[in-house]
Amino acid sequence: MGFRALATQTLAFSPGLNILFGDNASGKTSLLEALDIASRGRSFRTQHLSEIARWDGNGEWALDVAHDHAVGDDLLKLRYRAGNLEVRRQSEIWNREQMARSLPALILGPDLHRLMDDGPRIRRAFMDWALFHVEHTFAEHWRRYQQALRQRNAAIRRYAPKAQVSAWNDSLLSAGAVITEHRQQLVEGLKWHFAASVSKTALLPGVDINYRQGWTKNLSFEAALERADAHPGTQSPTPVGPHRGDLELLAGSARVQSSLSRGQQKVFLIILALALANLVHERVGHWPLLAIDDWHAELSDKTAALILEKLRTYQGQRIVSCFDTPITPVTEARLFHVEQGRFTEC
């Protein structure tokens, strides 16, 4: 209700594959945005949730999300009013962490290529999304690391005595070691799932992924931190650590964005997302929701058929959008035509 141009309605999606099709600005991306907010309390389209409200409304919007046929107070109820988002389930106010654990969702929005084109921050978030779900202490270590990093950097910037700076080193090093170990283990498993899927297509020759830890490979984090402190630079008060880590996306020895076509890049990213979702299931036993906006764009019909087949084999819930129904019949999919914000099951 009041969410962008979406009509007030109740949608029942299949636990399998769901395909949304319709013209531009019909509401397909807005539906995926709603799922993104329900999963993590944030939107992939805007940092300002006030912008989501209908232009002709009262500045408020509401979403109710059902899990496994939940009804009544068991619905996840999101209410945006007076500049604040309130989320409740069974009358209890929920925070973003509770939302994310309740609805593990990997949403590939219209900014999908940012995973390649942007800096390491977005790729760290991609890894850490999975770690949040497979390592239940990861969020605690991540928060502890971020607090130590902020305090340490603040001390350096105000030219505090060395003892005040190094007072944060133990927390930084211990939490950083756990984060790095978890990321390395995650990428090791992700490489296996990714390679297994890529091996079945000739579209991506020589592709690979690697984790770069954020400091010189042959040094420990502690030794790298000591070296950085001994030769302070101007770029960052703490220039080494897992906050500088990255997931390298490679085609041979080159970055994928410089060596693959735009269509190949999209295939790479969708297969990578499927590999990560499969890894989460392998580790914790449940399938994340996978949603992809405009999945057919930039792909030939032959390549789109290949991707569709991979989507069909994923066993979790899938919600994908496109302009028209796939050329290849998908009898098991639930189809929704979208027009002027209203979804009609076909």
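Let me sum up the structure you'll find in this document. Note that this is a predicted model, so its numbers are computed, not measured.

What counts, and where the lines are drawn
Residues numbered from 1 in each chain as written. Predicted model: local features only at pLDDT ≥ 70, side-chain atom pairs only at ≥ 80, totals over all residues. Heavy atoms only, no water. Salt bridge = Lys/Arg side-chain N within 4 Å of Asp/Glu carboxyl O. Helix = DSSP H or I, 4+ residues; strand = E, 2+ residues; numbered from the N terminus. Buried < 20%, exposed > 50% of the residue type's maximum accessible area, 1.4 Å probe, protein only. 1 Å grid on protein atoms, 1.4 Å probe; cavity = no way out; pocket = protein on both sides within 12 Å on 5 of 7 lines; lining within 4 Å. Points joined across faces, edges and corners; volume = space filled by probe spheres on them. Nonpolar A, V, L, I, M, F, W, Y, C, P; charged D, E, K, R; others polar. Expected span 1.5 Å × (residues − 1). Pairing = 2+ DSSP bridges. Axes fitted to C-alpha atoms, helices over the stretch in contact; angles between N-to-C directions. Core = buried A, V, L, I, M, F, W, Y, C linked by side-chain atoms within 4.5 Å. Contact = heavy atoms within 4.5 Å.

Counting across every chain of the model gives 20 salt bridges. Among the salt bridges present, the one from Glu33 reaches Arg45, with a minimum N-O distance of 3.3 Å. Residue Glu33 is located in helix H1 (residues 28-40), and its partner Arg45 is located in the loop between H1 and strand S2 (61-65); the two are separated by twelve residues in the primary sequence. You can call Glu33 buried: its relative accessible area is 0%. Its relative accessible area of 40% is what places Arg45 among the partly exposed residues. As a salt-bridge pair, Glu86 and Arg88 come within 2.9 Å of each other at their nearest N and O atoms. Via salt bridges that share partners, Arg123, Arg212, Asp246 and Glu248 belong to a single interconnected network.

Let's shift gears to the layout of surface pockets. By volume, the largest pocket amounts to about 1900 Å³. The wall of the largest pocket is formed by 45 residues, among which Arg40, Arg42, Ala125, Phe126 and Trp129 lie closest to the centre. For the lining of the largest pocket, the secondary-structure elements that each account for two or more residues are H1, helix H2 (96-102), strand S6 (105-108), helix H3 (114-117), helix H4 (120-134), helix H5 (138-157) and helix H7 (169-198). For the lining of the largest pocket, the per-class residue count stands at 21 nonpolar, ten polar and 14 charged.

This next bit is on H4. If you check H4, its first and last C-alpha atoms are 21 Å apart, about what 15 residues at 1.5 Å a residue would give, namely 21 Å. With eleven of its 15 residues buried, H4 lies for the most part within the structure. Looking only at H4, the buried set comprises Arg123, Arg124, Phe126, Met127, Asp128, Trp129, Ala130, Leu131, Phe132, His133 and Val134.

Next up on the list: the sheet that holds strand S11 (residues 318-322). Reading across from one edge, S6-S10-S11-S1-S12-S13 is the order of the six strands in this open sheet, with mixed pairing throughout. The open sheet terminates on both sides in strands that have one partner only, identified here as S6 and strand S13 (342-345). Strand-to-strand twist of the sheet, defined as the mean angle between neighbouring strand axes without regard to direction, takes the value 20 degrees. Bridging between strand S1 (residues 17-21) and S11 involves five bridges; their strand directions are parallel. Looking at the pairing, Phe21 lines up with Cys322 of S11.

Counting 68 residues, the largest nonpolar core has Phe194, Leu249, Phe268, Leu272 and Trp295 as the members making the most contacts within it. The greatest single-element share of this core, amounting to 13 residues, is contributed by helix H10 (residues 262-284). Filtering out sequence-adjacent residues up to four positions away, Phe194 remains in contact with Val207, Asp208, Ile209, Phe268, Ile271, Leu272 and Ala275. Core analysis: the second largest hydrophobic core is formed by 31 residues, Val65, Val87, Leu103 and Ile319 among them.

On to the side chain of His133. Note on placement: His133 falls in helix H4. His133 has contacts with Ala100, Arg101, Pro104, Val280 and Val284, leaving out every residue within four places of it along the chain.

It is worth spelling out unusual backbone geometry at this point. Backbone phi values are negative for most residues with the exception of glycine, while trans is the configuration of most peptide bonds. Residues other than glycine seldom take positive phi values, yet Gln90 does so here, at roughly 50 degrees. By the secondary structure assignment, Gln90 is in the loop between strand S4 (84-89) and strand S5 (92-93). For Gln90, a relative accessible area of 53% puts it in the exposed group. Unlike most non-glycine residues, Ser91 shows phi in positive territory, near 70 degrees. Residue classification places Ser91 among the exposed residues on the basis of a relative accessible area of 54%.

Taken in spatial order, the four strands line up as S2-S3-S4-S5 in an open sheet, and their pairing is antiparallel. Each edge of the sheet is formed by a strand with only one pairing partner; in this case those strands are S2 and S5. Strand direction decides the pairing type here: S4 and S5, joined by two bridges, are antiparallel. If you follow Arg88 over to S5, its bridge partner there is Ile93.

All right, on to the pairing of S13 then. The side chains of a regular strand alternate, first on one face of the sheet and then on the other. Of the pairings in the sheet, the one linking strand S12 (residues 334-339) to S13 comprises four bridges and is antiparallel in character. Paired with Glu339 across the strands is Arg342, a residue of S13. Hairpin connection between S12 and S13: a loop of two residues separates the two successive antiparallel strands, and Gln340 in this loop has a positive phi of roughly 50 degrees.

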